[in-house]
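Chain by chain, the residues:
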Amino acid sequence: MSKFFNEKLNGLVPYTPGEQPTGRKYIKLNTNESPFPPSPNAVMMASMASGDCQLYPDPDCSVLVKAIAQTYGVESENVIVTNGSDEVLNFAFMAYCCEKKAIFPDLTYGFYSVFATLNGVQYCEKPLKEDFTIDINDYILDDGTVFIANPNAPTGIALELDDIEKIVKSNPDRVVVIDEAYVDFGGKSAIPLIKKYKNLLITQTFSKSRSMAGARLGFGIADKEIISDLNRIRYSTNPYNVNRMTLMAGVGAITDGEYFRKNCEQVVLNREYTTVELEKLGFELTPSKANFVFAKKKGLDGEKTYLKLKEKGILVRHFNKPRIKDYLRITIGAKEEMTALIQALKEIIEEK
Ligand code: PMP
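Being a predicted model, the structure only gives us computed values, none of them experimental.

1. Regarding the site of the ligand
Line of reasoning, step 1. Every residue lining the ligand is accounted for by Gly84, Ser85, Asp86, Leu89, Tyr109, Asp179, Ala181, Tyr182, Thr205, Ser207, Lys208 and Arg216.
Line of reasoning, step 2. Take serine 85: an N or O atom from its main chain is 2.7 Å from an oxygen atom of the ligand.
Line of reasoning, step 3. Between aspartate 86 and the ligand, the recorded distance is 3.1 Å, taken from a backbone N or O atom to an oxygen atom.
Line of reasoning, step 4. Within the complex, the protein chains bury 92% of what would otherwise be the 400 Å² of accessible surface of the ligand.
Line of reasoning, step 5. Looking at the shell around the ligand residue by residue, the class counts come to four nonpolar, four polar and four charged.

2. Focus on the pattern of salt bridges
Line of reasoning, step 1. Taken as a whole and assessed by the stated rule, the structure comprises twelve salt bridges.
Line of reasoning, step 2. In this structure, glutamate 351 engages lysine 312 in a salt bridge whose closest nitrogen and oxygen atoms are separated by 3.2 Å. Of the two residues, glutamate 351 sits in helix H11 (residues 335–351) while lysine 312 sits in the loop between helix H10 (302–311) and strand S11 (314–315), which places them 39 residues apart along the sequence.
Line of reasoning, step 3. On the accessibility criterion, glutamate 351 (54% relative accessible area) is exposed.
Line of reasoning, step 4. Among the charged side chains, a salt-bridge network with shared partners connects Lys312, Glu347 and Glu351.

3. Side note on the packing of helix H2 (residues 62–72) against helix H8 (residues 244–254)
Line of reasoning, step 1. Close contact between H2 and H8 brings their axes to 9 Å; oriented N to C, the two are set at 20 degrees. Comparing the axis directions of H2 and H8 gives the class roughly parallel. Considering only the axes of H2 and H8, their crossing is left-handed. When H2 is examined against H8, the residues Val63, Leu64, Ala67, Ile68, Thr71 and Tyr72 are found in contact with a partner set consisting of Leu247, Met248, Gly250, Val251 and Ile254.
Line of reasoning, step 2. When its residues are assigned to classes, the contact of H2 with H8 shows nine nonpolar, two polar and no charged.

4. Some details on the environment of leucine 341
Line of reasoning, step 1. Examined against the element boundaries, leucine 341 turns out to sit in helix H11.
Line of reasoning, step 2. As for leucine 341 and arginine 232, which are separated by 109 residues in sequence, their C-alpha atoms are 46 Å apart.
Line of reasoning, step 3. The contacts of leucine 341, once residues within four sequence positions are left out, are Leu29, Thr274, Leu309, Ile314, Val316 and Ile330.

5. Some thoughts on the sheet that holds strand S2 (residues 79–82)
Line of reasoning, step 1. Reading across the sheet, the seven strands line up as S2-S8-S7-S6-S5-S3-S4 and stay open at both edges, with mixed pairing between neighbours. What marks the edges here is a single partner per strand, and that holds for S2 and strand S4 (123–126). Sheet twist, expressed as the average angle between the axes of neighbouring strands with direction ignored, equals 20 degrees.
Line of reasoning, step 2. In the sheet, strand S5 (residues 145–149) pairs with strand S6 (residues 176–179) via four bridges, with the strands oriented parallel. Opposite phenylalanine 147, over in S6, you have valine 177 as the bridge partner.
Line of reasoning, step 3. Along the sheet face, helix H6 (residues 161–170) touches S5, S6 and strand S7 (200–205) and points at about 155 degrees away from the line of S6.

6. Concerning unusual backbone geometry
Line of reasoning, step 1. Residue proline 151 follows asparagine 150 across a cis peptide bond; omega there is 0 degrees.
Line of reasoning, step 2. If you trace the backbone, proline 151 turns up in the loop between S5 and H6.
Line of reasoning, step 3. Cis geometry marks the peptide bond from alanine 153 to proline 154; its omega dihedral reads 10 degrees.
Line of reasoning, step 4. As for its position among the elements, proline 154 is in the loop between S5 and H6.
Line of reasoning, step 5. Positive phi, normally seen in glycine, also occurs at asparagine 32, with a value near 55 degrees.
Line of reasoning, step 6. One can find asparagine 32 in the loop between strand S1 (27–28) and helix H1 (40–50).
Line of reasoning, step 7. Despite not being glycine, phenylalanine 132 shows a phi value in the positive range, around 70 degrees.
Line of reasoning, step 8. When you line up the elements, phenylalanine 132 lands in the loop between S4 and helix H5 (137–140).
Line of reasoning, step 9. The class of phenylalanine 132 is buried, set by a relative accessible area of 7%.

Thresholds applied
- Residues numbered from 1 in each chain as written.
- Predicted model: local features only at pLDDT ≥ 70, side-chain atom pairs only at ≥ 80, totals over all residues.
- Heavy atoms only, no water.
- Near = heavy atom within 4 Å.
- Polar contact = N/O pair within 3.5 Å; in protein donor to acceptor, adjacent residues only side chain to side chain.
- Areas by Shrake-Rupley, 256 points an atom, 1.4 Å probe, with all protein chains shown as cover.
- Nonpolar A, V, L, I, M, F, W, Y, C, P; charged D, E, K, R; others polar.
- Salt bridge = Lys/Arg side-chain N within 4 Å of Asp/Glu carboxyl O.
- Helix = DSSP H or I, 4+ residues; strand = E, 2+ residues; numbered from the N terminus.
- Buried < 20%, exposed > 50% of the residue type's maximum accessible area, 1.4 Å probe, protein only.
- Axes fitted to C-alpha atoms, helices over the stretch in contact; angles between N-to-C directions.
- Parallel < 35°, antiparallel > 145°, perpendicular 65-115°, else oblique.
- Left-handed = near helix turned anticlockwise from the far one by under 90°.
- Contact = heavy atoms within 4.5 Å.
- Pairing = 2+ DSSP bridges.

Following this line, the structure appears as structure tokens:
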């Protein structure tokens with residue numbers, strides 16, 4: 001750290017992204033990407049847009065905002081487009097937490113605490129229950145800005161829409177952010193509730209179900225006043241936050257509903273296959289509605305298993321945190337990748 005660095009940020013511990021190897025080829029089940037390429041529509045539209053790269057992109061992202069609004073049955077004024085959903089989440093911390101603290105589960109997306117520290121926001125982590133479910137009373141009786149991933153990560157467990165509505169309804173004076181990065185794999189979106197509640201912000205991403213993690217595209221859906229706040233921040237940081245290729249790839253992807261649905265269905269089928277096979281090997285799994293499973297086996301050390309899988313050419317995610325140190329978070333890939341994972345785990349168990 002240089003002597004010039006902002007003292008207020010001395011305590012900032014940056015987010016640790018999952019490994020993105022460039023050398024050896026791994027079966028990559030560690031960062032919840034899609035095993036499928038982006039829609040051919042998206043690739044074609046991005047490629048057409050690349051010829052105009054001498055020009056800045058449309059700062060309003062109008063065509064994409066409109067396409068997202070149409071897809072989700074809302075108005076354009078209810079949509080903001082960002083550089084990955086990480087960006088809209090950061091904007092929400094900037095916009096809604098300075099006076100109020102942020103609250104979120106103790107086991108959830110690791111970026112929330114980083115965004116809080118970066119923005120000088122106090123935060124309170126609410127412990128998940130023993131079975132890793134959320135106790136909604138923690139969010140009804142508190143007074144912070146709420147951040148809940150639904151389904152949650154790394155557990156994959158989803159909240160019912162009724163429970164989300166209870167949280168949103170219980171305090172109209174604070175914003176509730178529902179991070180739906182994984183909702184397309186079996187969760188229920190809270191988007192319809194934005195018509196009823198002015199304090200609800202939904203964030204989603206093109207990184208998972210629309211196979212565009214490398215393009216960096218996310219969005220927020222909320223009442224128009226919330227979207228206007230967030231755009232105020234966007235225009236004060238980087239009005240050109242979404243580049244021309246990504247913008248058009250997004251339009252191509254969101255208008256190819258059939259490709260999207262087919263891939264989501266395949267991921268769900270592969271998740272069911274993986275769950276059954278892991279259970280046969282004696283693993284316990286949380287009930288995941290996401291494109292990953294969260295699993296542990298009694299007597300099997302989480303970190304050692306992660307390292308042994310890596311030696312065998314398979315990357316999964318391990319978190320060195322007390323309650324979950326023996327769990328592995330395994331992204332659902334293509335069927336043959338999941339078969340290879342199961343075979344590798346069988347060998348590891350037998351070697352033991
Ligand atoms: N929310 C959750 C719960 C996530 O796991 C992720 C991806 N790691 C994100 C948001 C951000 O995804 P992106 O910035 O790629 O949209």
